[in-house]
Amino acid sequence: MTDPKGSDASAMIRFSRVNKHYGEYHALVDIDASVAKGEVLVVCGPSGSGKSTLIRTVNRLEEIDSGSISFDGQEVTGRLRRADLNRLRSRVGFVFQSFNLFPHLSTLENVTLSPIRINGLARDVAKDKAMALLDRVGLADKAGAYPAQLSGGQQQRVAIARALAMEPPAMLFDEPTSALDPEMVGEVLAVMKSLAADGMTMICVTHEMGFAREVADRIWFMDAGRILESADPETFFTDPQHPRARRFLSDLRH
Ligand SMILES: Nc1ncnc2c1ncn2[C@@H]1O[C@H](COP(=O)(O)OP(=O)(O)OP(=O)(O)O)[C@@H](O)[C@H]1O
Ligand SMILES: [Mg+2]
């Protein structure tokens, strides 16, 4: 499904010869790869390998030095007017390690805020849609609760519902379960799994290798700013080609 050279017309996200530095440090090195529509990609690799930097370039939380990136057929790099940047950000569903809910808004208000403010949805339409999404993440009964009244796993599921409310063509996850107590990891992964089953295009930076093995269509292994390996999960977990990938997997197992 994925064409690592990035010449695939059906790509949802395409990185073309992307380079990024933080000062002297070369954080992304000639990234040339794409994610197909409907594909579930897991990005893994050691700390500092550039996973967060890579996915944050898609909605321009990080700027790149050279190359280009397209999202759903549109170039997102180069000069963008403020309005276009805001529109891009509203179309890329992004879920972070920290839940980032608005503490002074109820669960329901967190989910309806952007559809009303940015998309101009009528309040009752936005509310119906938000309730359906909260139901989908198993939190319809928490619509009136405030973030501080929710567990970490519940907050992260609200964050996913909030992103989905903008009907994003793709969802990007940056270690969505790493700040959670172990007993809450499963409920968040279950929501992500159901999104994947519905055909959502997803990039998931995660250390949850069980999820990767079960749900991913493809795995990218990154080290030192490069994608060293791009493989289907079966191949990656049973016969990784790159020595660094082999070491990474054996470290995880120990
Ligand atoms: N704002 C910044 N300024 C300078 N260096 C940075 C900045 N952000 C990241 N880096 C460096 O760039 C490299 C890649 O960082 P990045 O956060 O993308 O790694 P990561 O793979 O997501 O790591 P982790 O698994 O720890 O989240 C690291 O060496 C990091 O120290
Ligand atoms: Mg990171």
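This structure is a prediction, so every number in the text was calculated from the model and none was measured.

Visitor: Explain the overall build of the protein to me, please; I cannot follow it from the model alone.
Guide: When its secondary structure is counted, the protein shows nine helices and ten strands. In terms of overall size, the protein behaves like a compact globule, its C-alpha atoms giving a radius of gyration of 18 Å where 254 residues would be expected to give roughly 18 Å. Along the first, second and third principal axes, the C-alpha atoms of the protein reach 50 × 45 × 35 Å. Within the protein, the fraction of its 254 residues that count as buried is 52%. Restricting the contact set of the protein to residue pairs at least 6 apart, pairs at least 24 apart contribute 66%. Accessible surface for the protein amounts to roughly 11800 Å². Of this, 47% is attributable to carbon and sulfur atoms. Across the protein, the centroid of the 30 positively charged side chains sits 5 Å from that of the 33 negatively charged ones.

Visitor: Looking at this model, I keep getting lost on the sheet that holds strand E7 (residues 170–174). Mind explaining?
Guide: Sheet strands pair via backbone hydrogen bonds, and the direction of the pair is either parallel or antiparallel. A sheet is described by the order of its strands in space; here six strands give the open sequence E6-E7-E8-E3-E9-E10, paired in mixed fashion. With partners counted over all chains shown, the strands left at the sheet margins are strand E6 (92–95) and strand E10 (226–231), one partner each. On average, adjacent strands in this sheet sit at an angle of 20° to one another, irrespective of strand direction. Two strands pair when backbone bridges link them, and strand E3 (residues 40–44) and strand E9 (residues 218–223) are joined in this way by four bridges, in the parallel orientation.

Reading guide: rules and limits
In this numbering scheme, every chain counts its residues from 1 along its sequence in written order. In the order they appear in the text, chains get letters beginning with A and ligands get numbers beginning with 1. Confidence filtering applies because this is a predicted model: local features only for residues at pLDDT of at least 70, side-chain atom pairs given and counted only at 80 or more, and all residues used for totals across whole chains, interfaces and linings. Side-chain measures here rest on the full set of heavy atoms in the structure, leaving out hydrogens and waters. Only DSSP runs of H or I with at least four residues qualify as helices, and only runs of E with at least two residues qualify as strands; both kinds are numbered from the N terminus onward. Put simply, the radius of gyration uses C-alpha atoms, and a globule should come to 2.2 Å times the residue count raised to 0.38. Classification of residues uses two cut-offs on accessible area relative to the type maximum, computed with a 1.4 Å probe and protein chains only: under 20% is buried, over 50% is exposed, and between them is partly exposed. A contact between two residues is defined here by any heavy atoms of the two lying within 4.5 Å. The method behind every accessible area is Shrake-Rupley, applied with a 1.4 Å probe, and residues are considered shielded solely by the protein chains displayed. Residues scored as positive are Lys and Arg, those scored as negative are Asp and Glu, and His as well as the terminal groups of each chain are ignored. Just so you know, the charge point we use is NZ for Lys, CZ for Arg, CG for Asp and CD for Glu. Two strands qualify as a pair provided DSSP detects at least 2 bridges between them. Note on definitions: angles span 0 to 180 degrees between N-to-C directions of axes, and those axes are lines fitted to C-alpha atoms, for helices only across the stretch in contact.

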